[in-house]
Amino acid sequence: MKIKSLLIGTALFVSTSFVASTTVYADGHAEKQETAKEFVARIQEEGRKLAKEVEAAYWVRNTYITPDTAVLAAKAGERSLAFESSVVEQAKRFKGTKMDAETARAIELMLRGSSAPAPNDPKLQAELAQVLTDMEGQYGSGKYCNENGECRELQELEAVLAESRDYQELLDVWQGWRSVSPAYRKTYQRFVELGNQGAQDSGYENLAEAWKSGYDMDTGEFTIEARRLWEQVKPFYEELHCHVRAKLGEQYGTDKVPADGPIPAHLLGNMWSQTWENIYPIMEPYKGVASLDVTKALKEQGYDELKMTKTAEGFFTSLGLPALPESFYENSMIKKPRDRNVVCHASAWDMDNGNDPRIKQCVEITEEQLSTLHHELGHIYYYIMYKGQPPIFKGGAHDGFHEAIGDTIVLSMTPSYLKEKGLIDEVVVSEEATLNKQMKLALEKIAFLPFGKMIDEWRWKVFSGEIAPEDYNQGWWDLRTEYQGIKPPLARSEKDFDAGAKYHIPGNTPYTRYFLSFIMQFQFHKALCEKSGHKGPLHECSIYDNKVAGKALGDMLTMGQSKPWPDAMEALTGQRKMDASAIIDYFAPLNAYLKEQNANRQCGW
Ligand code: X8Z
Ligand code: ZN
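Throughout what follows, the structure given in this document is the object of discussion.

## Examining the environment of Met271
Working step 1: Structurally, the position occupied by Met271 is in the loop between β5 (263-264) and α10 (280-283).
Working step 2: Taking the C-alpha atoms as reference points, Met271 and Leu161, 110 residues apart in sequence, are found 6.2 Å from one another.
Working step 3: Beyond its immediate chain neighbours, meaning those up to four positions away, Met271 contacts Leu154, Leu157, Glu158, Leu161, Val173, Trp174, Trp177 and Arg178.

Rendered as structure tokens:
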């Protein structure tokens, strides 16, 4: 399970008095009541002490999966949930009382639903901690062993999905990884019950409502807002889908990829069909124009895990942000250990109150992993910049902000930047080169959007009971097809648990944050480019080495979650809303190209 702030928090309340009041009891003794401000200070102090132990246990568990570390992590999780439950109980008494704005924000954050809110019953707290520890451990140590007894881990299977063009081989690994998750389907069902209990005990109707409570707006309003953003980008996704399907039809035959239906999920270059940049060689509009093979350059130039990480750090420091502390390199795990199971899914950790930030990533020498390193360092720089805030305000303005920072930086890794780093030979300026570059990026950023949206559509329905436990898999594929236009390449049944094959389900990490991030990162990029003085099309802008842009970014990061997110958004972009026009405008050249390509095709599925 993930480390969240130990102080979890929702809705806005106003309170009674700024001064401590006194209660006089029947026996005559008097007790001074704690003010809201005093309460917030005390809880933050208690939380800080507990966090140290809990973080240590989780870190060890994530970097060394054994039955022993499961015991330690589950115990720590249990203590953390007990604390959280008591905080929520105590915070409730300040509802409707008067207090200063900062204290009101702190209380509001304490009452906000977390990804796994604590049930009141200590037995259920223990069970919830156990269930979360077990699921993540099973995912992390999952392997697919074929009939010859050869076992492969997720990263090896992912590499096949990325590189192979052999229909049967792709099918084998796609199906193989999905042999791991059925083992915790029942566990997940129990998690849903416990999570809903926790949500109800914290004052929410169910866990979906608790998850939607983190956006400084009514949960119903948030659902509509997320849908609005999806509607903004959907037509563009449909154009991309249409062209990709046609090209895959040419590659694999229209018997395998019919021109009018969903695409088989194993042909898109990714284990979950979530981003499609690995099939760029099939999609490249102008063959061989302006090679973008950064992976090849990284390998040829002998990059290792450390050099990859330092390269990512170098971008942030070029903006005037501070160097990473030495402890970052001492304590992070950037190399996959060869002799033990770890949770390889990349993550960033805010340990010791901002003093010991770390990442955990099984770095491979590829362009994709270089992007992921920037993504993780985006989290790390958020931690570093809001280090001076009180603990309760340490967090992203909302969770999508946290996810968007590193990705915003990656948007500045233009051909000119890559040339400067010696990772491509020449910068080709032509319409063809632009379309190649845009295609590659769209296969990552546009292809992701419906995936980013549907994961929590599924969980919201599971949490509310609209998808019953006996329909988990069917419900999953209904949404996969509706949103992404893909289908399972072979028959599935309710013995399968395909949702569970994606890290964030057993890891219980909410996913709408990534959908929001993929849209907002283009808003941020646009704003930073304007501040940097860039003139010309957005896709040519890099803020590398620009201190003005760096200052604007740093200022927003420093705010943490001390203010409602529209304030942070406004500070950086001048707008108070999330908006997809920046991502749409960015891809205008590709959009026109796709419309041309699709002119005589029947799109949709
Ligand atoms: O999980 C992640 C990060 C860690 S927060 C590596 N991402 C999502 C995923 O891998 O599914 C980044 C983009 C989407
Ligand atoms: Zn992230």
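## Observations regarding the site of ligand 1
Working step 1: Taken together, the neighbourhood of ligand 1 is formed by Gln274, His345, Ala346, His375, Glu376, His379, Glu403, Phe448, Lys502, His504, Tyr511 and Tyr514.
Working step 2: Gln274 places a side-chain nitrogen or oxygen 3.1 Å from an oxygen atom of ligand 1.
Working step 3: Here the element with the most residues in the shell around ligand 1 is helix α14 (residues 367-385); it accounts for 3 residues.

## Focus: the environment of Phe236
Working step 1: Within the secondary structure, Phe236 is located in helix α9 (residues 219-252).
Working step 2: For Phe236, the contacting residues outside a window of four places in its chain are Ile446, Ile584, Phe587, Leu590, Asn591 and Leu594.

## Overview of the coordination of the zinc ion (ligand 2)
Under perfect tetrahedral coordination by four donors, a metal shows angles of 109.5 degrees; under perfect octahedral coordination by six donors, it shows angles of 90 or 180 degrees.
Working step 1: Listed as protein donors to the zinc ion (ligand 2) are His375 (NE2), His379 (NE2) and Glu403 (OE); their distances from the metal cover 2.1 Å.
Working step 2: Around the zinc ion (ligand 2), the 4 donor atoms are arranged such that angles at the metal cover 88 to 131°; this shape is classified as tetrahedral.
Working step 3: The sequence motif formed by the donor residues of the zinc ion (ligand 2) is H-x3-H-x23-E. Separated by 4 residues within a single helix, His375 and His379 lie in helix α14, roughly one turn from each other. Grouping residues by exposure puts His375 and His379 together as buried.

Each value, and the rule that gives it
- Residues numbered from 1 in each chain as written.
- Chains lettered and ligands numbered in written order.
- Predicted model: local features only at pLDDT ≥ 70, side-chain atom pairs only at ≥ 80, totals over all residues.
- Heavy atoms only, no water.
- Helix = DSSP H or I, 4+ residues; strand = E, 2+ residues; numbered from the N terminus.
- Contact = heavy atoms within 4.5 Å.
- Near = heavy atom within 4 Å.
- Polar contact = N/O pair within 3.5 Å; in protein donor to acceptor, adjacent residues only side chain to side chain.
- Donors = N, O, S within 2.8 Å, 3.2 Å for Na, K, Ca; no water.
- Tetrahedral: all angles 85-135°; square planar, octahedral: opposite > 155°, others 65-115°.
- Buried < 20%, exposed > 50% of the residue type's maximum accessible area, 1.4 Å probe, protein only.

Note that all results are geometric; they support no functional claim without further evidence.
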